[in-house]
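Structural overview for review
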Amino acid sequence: MEPLFTPREMAAIDAAAPNRGTASLDLMENAGRAVTRAILRRYPPCRVLVLAGPGNNGGDGYVAARLLAERGWPVAVAPIARPRAGSDAAIAAARWDGLLVSPETDRIRAADLVIDAVFGSGLAREIAPDIAEQLATAGTLVAIDMPSGVDGATGAIRGFAPRAALTVTFVARKPGHLLYPGRARCGEVVCADIGMPAGAIARIAPTLWRNAPGLWRLPGIAEAGHKYDRGHLTILAGAMPGAAILAANAALRAGAGLVTLSAEQAIAGAPPGLIVRTDRLSDLIADTRRRVWLCGPGLGVERAGAALDALIAAGRAIVADADALTACADAPERLRGVSAITPHEGEFARIFPGIDGDKLSAARAAAARTDTVVVLKGADTVIAAPDGRAAINDNAPPTLATAGCGDTLAGIIAGLLTRKMNPFEAACAAVWLHGEAARRIGPGLIAEDLANALPETIKALAERRSS
Ligand SMILES: NC(=O)C1=CN([C@@H]2O[C@H](COP(=O)(O)OP(=O)(O)OC[C@H]3O[C@@H](n4cnc5c(N)ncnc54)[C@H](OP(=O)(O)O)[C@@H]3O)[C@@H](O)[C@H]2O)[C@@H](O)CC1
Ligand SMILES: [K+]
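Residues numbered from 1 in each chain as written. Chains lettered and ligands numbered in written order. Predicted model: local features only at pLDDT ≥ 70, side-chain atom pairs only at ≥ 80, totals over all residues.

Splitting the protein by domain gives domain 1 (2-206) and domain 2 (227-466). Using C-alpha coordinates to define each centre, domain 1 is positioned 40 Å away from domain 2. Residue-level contacts link 8 residues of domain 1 with 7 residues of domain 2. Split into classes, the residues belonging to the side of domain 1 that touches domain 2 amount to 6 nonpolar, 1 polar and 1 charged. (Domains from an automatic or database assignment. Contact = placed C-beta atoms within 7 Å. Nonpolar A, V, L, I, M, F, W, Y, C, P; charged D, E, K, R; others polar.)

Below is the structure:
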């Protein structure tokens, strides 16, 4: 499990480190060493300019300058502002006996490598235009902790942020490394162990994780089980049955034992593995073996809304997507009783016009308000549970932004629900599998490919676990 800590949580961890006086200087030394190591591994010796801010981020920069210079690299430090007297950063600055220069743009342009040690987790306001200009002038840039200007808690850019080739952070990644637009400014992210005492880290109970295996586990398939053990999913199919078929195939590949499409009329060309039923919806809902339902893809708004209400009244486990979400525009209370919803940002804004702010906070607020797991989709999908837990996904390639991929995701979540995963873990696992399958397929992906790529994706995951 890889927890993500906000800058505020990091500060609390930092404050909890024992013997703060010396320990915090050691941590700074270790941070500067981690930056140095990451640079040595990636770049040949070259002219380095460190842009150093007034806080500890700048302090890390002075340490890296000293360690690189000790290796014979030509290094200069350009202070953007001086550290406060008596601070750790002031001590680190005093230990730097190399070149101190002013941060003129010509000089920044001439450096082969610029280390951005201006602001890290202490970023408190917008970047001033003169600092923005200095940062913007850099060619190859390595950011310490965070590219200056990226809000570590939200990934928002406060005025300006440079585009780093490499970002070296410490202890744990921050949400801003995974959430756009900040993520696009980070380049490669390295998270270094700087010897933060475990007891200090344990002071913060994580509520946010990077979405990856370990946060969830796919259930095994019982050796002597039959298809009903693995679970039965019913998907409502409408005028555009292709969406339901995509979801159904994905659910089967994710391990559902049986998938039924509930349709108003026969579906021409439905794959042979799917059962199509044209019975009255109320009769199907009354069948208690039909525990899990997917409602929305290709269904039509009116039918989706009515079916959703009936399914909630019957207490079924429901994944609501697409038209079922549109049916709840400005009426989020209608979603209470649903297990998981999968809105993209447009659908989210229509359901929750009163919720704004950053993506992570918005998803959490929506989950709390509807008592539902919210999968707020995008290149940086956020999965939020009503109890405050959340995960940010970062394995989805841009090829997933194509028609039908959302239906497939909803199908995987529903398929995993039939296997008795809890909604938060099912949603996290589905989002990760969806991204990983897409990554394996590569360019030219169409939605149909995703379900077919799931078996090898799941197999590789199992092999990774057992190796
Ligand atoms: N936690 C850990 O485990 C470890 C953390 N470490 C390192 O510490 C870093 C955090 O250090 P930090 O708290 O001193 O904050 P930092 O980012 O240097 O900036 C604060 C200064 O900048 C100023 N300032 C802020 N925004 C500004 C703006 N827009 N424009 C102008 N000024 C602005 C602010 O001024 P003030 O708001 O006080 O007026 C204050 O003077 C962290 O990122 C990591 O690199 C490591 O050393 C090892 C262990
Ligand atoms: K920085």
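Judged by pairing direction, the sheet is parallel, and its 7 strands sit side by side in the order β4-β3-β2-β5-β6-β7-β8 without closing on themselves. At either end of the open sheet lies a strand with only one pairing partner, and these are β4 (99-100) and β8 (188-192). Bridge count for strand β7 (residues 166-170) against β8 is 5 bridges, and the pairing is parallel. Considered in β8, the bridge of Leu-166 is made with Glu-188. On top of the sheet, helix α3 (residues 56-70) reaches β2 (48-52), β3 (75-79), β5 (113-117) and β6 (140-144); it is set at about 160° to β2, its chief contact. (Pairing = 2+ DSSP bridges. Helix = DSSP H or I, 4+ residues; strand = E, 2+ residues; numbered from the N terminus. Axes fitted to C-alpha atoms, helices over the stretch in contact; angles between N-to-C directions.)

Moving on, we come to the site of ligand 1. Near ligand 1 there are 29 residues, and of these Gly-55, Asn-56, Asn-57, Gly-120 and Gly-122 occur at the shortest range. Contributing elements (two or more residues each) for the shell around ligand 1: α1 (7-16), α2 (20-42) and α3. Sort the elements by how many residues they give to the shell around ligand 1 and α3 lands first, with 5 residues. When grouped by side-chain class, the residues that make up the shell around ligand 1 number 15 nonpolar, 9 polar and 5 charged. (Near = placed C-beta within 6 Å.)

Let's shift gears to the pairing of β3. The element β3 is extensively covered by neighbouring structure, given that 4 of its 5 residues are classed as buried. Summarising the sheet, β2 and β3 pair through 5 bridges and their orientation is parallel. Residue pairing in the sheet places Ala-52 in a bridge with Pro-79 of β3. Each parallel crossover has a hand, and the one from β2 via α3 to β3 is right-handed. Of the strand pairs in this sheet, β3 and β4 are connected by 2 bridges, and their pairing is parallel. Considered in β4, the bridge of Val-77 is made with Leu-100. In this fold, the crossover linking β3 to β4 by way of helix α4 (residues 88-94) has right-handed handedness. (Buried ≥ 20, exposed ≤ 12 C-beta atoms within 10 Å, placed from the backbone. Right-handed = clockwise from strand over helix to strand, strands pointing away.)

Looking now at helix α17 (residues 405-418). Over its 14 residues, α17 runs 20 Å from end to end, which matches the ideal 20 Å to within 8%, given 1.5 Å per residue. The buried fraction of α17 is high, at 14 of 14 residues. Phi turns positive one or two residues past the end of α17, at Lys-420, with a value near 70°. (Expected span 1.5 Å × (residues − 1).)

The sites that carry the UniProt feature "binding site: AMP" (unreviewed entry) are, in the present numbering, Lys-377, Gly-378, Ala-379, Asp-380, Thr-381 and Gly-406. What stands out for the annotated residues spanning 30 residues is how close their C-alpha atoms remain, the widest pair being 14.1 Å apart. By the secondary structure assignment, Asp-380 is in the loop between β16 (373-376) and β17 (382-384). What makes Asp-380 buried here is the crowd of 21 C-beta atoms within 10 Å. (UniProt positions renumbered as here; feature names shortened; annotations may be inferred.)

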